[in-house]
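Listed here are the chains, written in short residue letters.
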Amino acid sequence: MADTSAIEWTDATWNPLTGCTKVSRGCDNCYAERFSERFRGVPGHPFESGFDLILRPERLLQPLSWKRPRMIFVNSMSDLFHKDVPPAFIDRVFETMERANWHLFQVLTKRSTLMSRYLRARYGNNMTPAHIWCGVSVENAQAKGRIAHLRMAPASIRFLSLEPLLGSLGELDLSGIDWVIVGGESGPGARPMQTEWVREIRDQCQTQGAAFFFKQWGGVRPKSGGRSLDDREWNEYPRQQNAPVVV
């Protein structure tokens with residue numbers, strides 16, 4: 001668990017599991033895989049097994065030891081709803097989040113059907129607690145089906161991470177979506193993002209009432225292109241949370 005994070009839209013990260021496998025084009029240049037594989041075979045290193053999927057039960061209770069409130073990105077180095085994660089382990093992650101209700105948890109997945117199914121089974125006709133936000137990653141128009149899956153999930157706050165944005169998403173139905181994050185790809189081989197793709201998303205957020213957060217243009221390094229769109233930074237959060245938690 002990292003007490004701070006360089007990710008602009010969160011305060012900290014919590015990784016009760018690490019590692020993943022690729023499911024779509026957005027995974028091609030995965031930063032988490034690139035980082036983890038640097039340490040494969042290094043004895044005693046947390047990523048001695050590279051980016052292999054590993055459950056880390058010793059980390060399950062970490063947020064309970066953090067007494068100051070903060071926004072926590074859950075599994076920045078994995079996907080909680082990977083098909084090989086046992087449901088009982090997901091239960092334990094949610095139990096910790098439910099107990100640590102002074103924090104705000106941001107759960108993000110590409111396995112949108114699995115998350116939607118899990119949330120419906122866990123909460124039934126109720127919504128997730130207000131401090132547990134749920135989102136899906138969408139990198140191109142072919143992945144837009146994940147938005148419909150998210151809309152069916154009983155999440156108090158639903159958000160989209162459109163990063164790395166690899167093409168125009170065209171017309172978006174943002175009904176039931178509270179927050180939209182957009183970012184370009186960074187790192188070796190980063191695929192460029194076009195300004196018009198970002199503008200059309202921002203404009204639809206404004207028309208449909210979703211908060212818009214522009215994270216980065218991307219490039220060889222995450223900060224290469226800065227964060228300005230049309231001469232300003234866009235740092236909107238859902239109405240429930242208008243600004244990051246100060247820690």
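It should be emphasised that the depicted structure is a prediction, and the values quoted were computed from it without experimental measurement. (Residues numbered from 1 in each chain as written. Predicted model: local features only at pLDDT ≥ 70, side-chain atom pairs only at ≥ 80, totals over all residues. Heavy atoms only, no water.)

1. Points about the environment of Glu95
Move 1: Mapped onto the fold, Glu95 is located in helix 2 (residues 87–99).
Move 2: According to the relative accessible area criterion, Glu95 is partly exposed, its value standing at 40%.
Move 3: Spatially, the C-alpha atom of Glu95 lies 38 Å from that of Ser228, the residues being 133 residues apart in sequence. (Helix = DSSP H or I, 4+ residues; strand = E, 2+ residues; numbered from the N terminus. Buried < 20%, exposed > 50% of the residue type's maximum accessible area, 1.4 Å probe, protein only.)

2. A look at the packing of helix 2 against helix 3 (residues 112–123)
Move 1: Where helix 2 contacts helix 3, the axes come no closer than 12 Å and their chain directions differ by 65°. The handedness of the crossing between helix 2 and helix 3 comes out as right-handed. Contacts between helix 2 and helix 3 involve Pro87, Ile90, Asp91, Phe94, Glu95 and Glu98 on the former and, on the latter, Tyr118, Leu119, Arg122 and Tyr123. (Axes fitted to C-alpha atoms, helices over the stretch in contact; angles between N-to-C directions. Left-handed = near helix turned anticlockwise from the far one by under 90°. Contact = heavy atoms within 4.5 Å.)

3. Topic: the layout of surface pockets
Where empty space is left can be seen by rolling a probe of water-molecule size over the atoms.
Move 1: Estimates place the volume of the largest pocket at around 1,200 Å³.
Move 2: Surrounding the largest pocket, 50 residues form its lining, Ile7, Tyr31, Ala32, Phe73 and Ser76 being those nearest its centre.
Move 3: Among the elements of the structure, helix 1 (31–37), strand 5 (104–109) and strand 9 (211–216) are those that each provide at least two residues to the lining of the largest pocket.
Move 4: Residue contributions to the lining of the largest pocket peak at five residues, all from helix 1.
Move 5: Tallied by class, residues from the lining of the largest pocket come to 20 nonpolar, 17 polar and 13 charged. (1 Å grid on protein atoms, 1.4 Å probe; cavity = no way out; pocket = protein on both sides within 12 Å on 5 of 7 lines; lining within 4 Å. Points joined across faces, edges and corners; volume = space filled by probe spheres on them. Nonpolar A, V, L, I, M, F, W, Y, C, P; charged D, E, K, R; others polar.)

4. Observations concerning the sheet that holds strand 7 (residues 157–162)
Move 1: The strand order across the open sheet built from seven strands is 1-4-5-6-7-8-9, with neighbouring strands paired in parallel fashion. The open sheet has two edge strands with one neighbour each: strand 1 (12–14) and strand 9. Neighbour-to-neighbour, the strand axes of the sheet open up by a mean angle of 25°, direction not taken into account.
Move 2: Here four bridges tie strand 4 (residues 71–74) to strand 5, and the two strands are oriented parallel to one another. Within the sheet, the bridge partner assigned to Ile72 lies in strand 5 and is Phe105. (Pairing = 2+ DSSP bridges.)

5. Brief notes about the packing of aromatic side chains
Aromatic ring pairs are defined here through the distance separating the ring centres and the angle between the ring planes.
Move 1: In total, this model carries 17 aromatic pairs according to the counting rule given.
Move 2: Between Trp133 and Trp179, the ring centres sit 5.5 Å apart and the planes meet at 80°, which makes this aromatic pair edge-to-face. Taken as a pair, Trp133 in strand 6 (residues 132–137) and Trp179 in strand 8 (residues 179–183) lie far apart in primary sequence, 46 residues in all.
Move 3: Take Trp133: its relative accessible area is 0%, and that puts it in the buried class.
Move 4: Relative to Tyr237, the ring of Phe213 lies with its centre 5.5 Å away and its plane at 80°, an arrangement referred to as edge-to-face. Of this pair, Phe213 sits in strand 9 while Tyr237 sits in the segment after strand 9, placing them 24 residues apart in sequence.
Move 5: Among the aromatic residues, those joined into a ring-pair cluster are Trp9, Phe73, Trp133, Phe159, Trp179, Phe213 and Tyr237.
Move 6: The ring of Phe47 is capped by Arg56, whose NZ or CZ atom sits 5.8 Å from the centre of that ring.
Move 7: Over the ring of Trp234 we find Arg232; its NZ or CZ atom is 3.5 Å from the centre of that ring. (Phe/Tyr/Trp six-rings, centres within 6.5 Å; stacked < 30°, edge-to-face > 60°. Lys NZ or Arg CZ within 6 Å of the ring centre and 35° of its normal.)

6. A few points about helix 5 (residues 195–208)
Move 1: Taking 1.5 Å per residue as the helical rise, helix 5 with its 14 residues ought to reach 20 Å, and the 20 Å between its terminal C-alpha atoms agrees with that figure.
Move 2: Phi for Gly209, located one or two positions after helix 5, is positive at around 85°. (Expected span 1.5 Å × (residues − 1).)

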